[in-house]
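Single-letter residue listing:
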Amino acid sequence: QVQLVESGGGLVQAGGSLRLSCAASGGTFSRLTMGWFRREAPGKEREFVAGINWSDIATYYTDSVRGRFTISRDNAKNTVYLQMNSVKPEDTAVYYCAAKVAPGVTFARNAYDYWGQGTQVTVSS
């Protein structure tokens, strides 16, 4: 069983930066495919933001964040990061870290096996 704990959320002004972290425990982190999702409002579905495969070679982004957000991982620290630059008010959401055992990044949230509790990011205009 893998446990995921996000941190780093908070309030930031538009145009600013924020770095989210997700610490994993209870599994072989280096073999997990990791992703970040976000939910903009209660009742809305979680949407894919970024993903990274286990080898840290391939990364994927949704169009709205490509060029502004960067996903990375440190397998020695069992941690995945989401660097958020040039944030916009529409980036306001609860951000979730997710992990999947099967290889390959996917946008499909149902493919992920483990989820964190989420961290709130609020971007003020």
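Reference entry: report on the structure contained in this document. Bear in mind the structure is a predicted one, so any value in this text is a computation, not a measurement. Sequence order as written defines the numbering, with residues in each chain counted from 1. Residues qualify for local features only when their pLDDT is at least 70, as the model is predicted, and side-chain atom pairs are given and counted only at 80 or more; totals for whole chains, interfaces and linings, by contrast, use all residues. Only hydrogens and water are set aside; all other atoms, that is, all heavy atoms of the structure, feed into the side-chain values.

Structural notes on the pairing of strand β3 (residues 18–25)
Item 1. DSSP calls a pair of strands paired once it identifies at least 2 bridges connecting them. Numbering of helices and strands runs from the N terminus, with a helix taken as a DSSP run of H or I at least four residues long and a strand as a DSSP run of E at least two residues long. Summarising the sheet, strand β1 (residues 3–7) and β3 pair through 5 bridges and their orientation is antiparallel. Note that in β3 the partner of Gln3 across the bridge is Ser25.
Item 2. Here β3 runs beside strand β8 (residues 79–84); their pairing, made up of 6 bridges, is antiparallel. If you follow Arg19 over to β8, its bridge partner there is Gln83.

Let's talk about the state of the cysteines
Item 1. By convention in this document, the label disulfide applies to cysteine sulfur atom pairs within 2.5 Å. For the structure shown, the criterion picks out 1 disulfide.
Item 2. Across the disulfide, Cys22 is cross-linked to Cys97 (sulfur-sulfur distance 2.1 Å). Given an S-S torsion of about -80°, the disulfide between Cys22 and Cys97 has left-handed geometry. Of this pair, Cys22 sits in strand β3 while Cys97 sits in strand β9 (residues 93–100); the two residues are 75 residues apart in sequence, bridging distant segments of the chain.

As for the pattern of salt bridges
Item 1. Definition used for salt bridges: Asp or Glu carboxyl oxygen within 4 Å of a side-chain nitrogen of Lys or Arg. For the structure shown, the criterion picks out 6 salt bridges.
Item 2. We note a salt bridge from Glu47 to Arg38, for which the minimum N-O separation is 2.8 Å.
Item 3. Buried residues are those whose accessible area, probed at 1.4 Å on protein chains only, stays under 20% of the maximum for their type, while exposed residues exceed 50% and partly exposed ones sit between those limits. What makes Arg38 buried here is its relative accessible area of 3%.
Item 4. Where Arg68 meets Asp91, a salt bridge forms, and the shortest distance between an N and an O atom there is 2.8 Å. Placement of Arg68 in the loop between β6 (59–61) and β7 (69–74) and of Asp91 in the loop between β8 and β9 is noted, with a sequence separation of 23 residues between them.
Item 5. Look at Asp91 and you get buried, because its relative accessible area is 1%.
Item 6. Ionic contacts of the salt-bridge type, sharing partners, join the residues Arg38, Glu47, Arg68 and Asp91 into one network.

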